[in-house]
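As a plain string of letters, each chain reads:
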Amino acid sequence: MTKYIKEEEIQNTTLFEICNAIRKGKIIVFKTDTVYGLGTSVFDETACQRIYEIKGRDKQKPLCVLISDMSMLKQMVNCISPAEKN
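Remember, it's a predicted structure, so these values are computed and weren't measured experimentally.

Regarding the overall build of the protein
Move 1: A count of helices and strands for the protein gives four helices and two strands.
Move 2: Put simply, the protein runs from its N terminus to its C terminus through helices and strands in the order α-β-β-α-α-α.
Move 3: Expressed along its principal axes, the backbone C-alpha trace of the protein runs to roughly 40 × 30 × 25 Å.
Move 4: Residues counted as buried form 12% of the 86 residues belonging to the protein.
Move 5: Considering only contacts in the protein between residues 6 or more positions apart, those separated by 24 or more positions represent 10%.
Move 6: Surface accessibility of the protein: about 7,600 Å² in total, with carbon and sulfur atoms responsible for 53%.
Move 7: Taking the average location of the 13 positive side-chain charges in the protein and that of its 11 negative ones, the two points are 2 Å from each other.

The following block contains the structure:
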């Protein structure tokens with residue numbers, strides 16, 4: 001089921017609902033300053049493959065991963081070089 005939520009209507013309970021949808025492998029659409037983005041959990045391979053299908057994106061082109069801080073990055077990679085830390 002598709003659900004549209006206006007930005008001004010988002011509340012804590014709505015954020016909880018969005019997080020649960022992502023945990024269940026759903027795809028979300030979100031507004032940025034310049035475009036709309038598609039999002040899901042980076043840890044859900046099936047959901048990520050669905051984004052490739054929706055966008056018709058070449059599987060050789062990586063998807064962007066948004067992180068909030070270095071600790072989140074450390075959960076996803078084994079090594080961060082000094083240059084990458086800057």
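Next comes the rest of the write-up.
What about the layout of surface pockets?
Move 1: One number sums up the size of the largest pocket: a volume of about 1,000 Å³.
Move 2: Lining the largest pocket are 21 residues, and of these Lys3, Ile5, Ile18, Ile28 and Val29 lie nearest its centre.
Move 3: For the lining of the largest pocket, the per-class residue count stands at 12 nonpolar, one polar and eight charged.
Move 4: The calculated volume of the second largest pocket comes to roughly 690 Å³.
Move 5: What lines the second largest pocket is a set of 21 residues, among which Leu38, Gly39, Thr40, Cys64 and Leu66 lie closest to the centre.
Move 6: Those elements that provide at least two residues to the lining of the second largest pocket are β1 (28–31), β2 (36–39) and α2 (45–55).
Move 7: Tallied by class, residues from the lining of the second largest pocket come to 15 nonpolar, four polar and two charged.

Examining the confidence of the model for the protein
Move 1: Averaged over every residue, the pLDDT of the protein is 89; residues scoring 70 or more account for 100%.
Move 2: Helix α4 (residues 82–85) is the least confidently modelled element of the protein, averaging 82 in pLDDT, while α2 averages 97, the highest of any element.

So, the side chain of serine 41
Move 1: If you trace the backbone, serine 41 turns up in the loop between β2 and α2.
Move 2: A polar contact of 3.1 Å, which involves the side chain of serine 41, links it to the backbone nitrogen of phenylalanine 43.
Move 3: With near-sequence residues (within four places) excluded, serine 41 lies in contact with Ile22 and Cys48.

Rules behind the numbers
- Residues numbered from 1 in each chain as written.
- Predicted model: local features only at pLDDT ≥ 70, side-chain atom pairs only at ≥ 80, totals over all residues.
- Heavy atoms only, no water.
- Helix = DSSP H or I, 4+ residues; strand = E, 2+ residues; numbered from the N terminus.
- Buried < 20%, exposed > 50% of the residue type's maximum accessible area, 1.4 Å probe, protein only.
- Contact = heavy atoms within 4.5 Å.
- Areas by Shrake-Rupley, 256 points an atom, 1.4 Å probe, with all protein chains shown as cover.
- Lys, Arg positive; Asp, Glu negative; His and termini not counted.
- Charge placed at Lys NZ, Arg CZ, Asp CG, Glu CD.
- 1 Å grid on protein atoms, 1.4 Å probe; cavity = no way out; pocket = protein on both sides within 12 Å on 5 of 7 lines; lining within 4 Å.
- Points joined across faces, edges and corners; volume = space filled by probe spheres on them.
- Nonpolar A, V, L, I, M, F, W, Y, C, P; charged D, E, K, R; others polar.
- pLDDT = per-residue confidence, 0-100.
- Polar contact = N/O pair within 3.5 Å; in protein donor to acceptor, adjacent residues only side chain to side chain.

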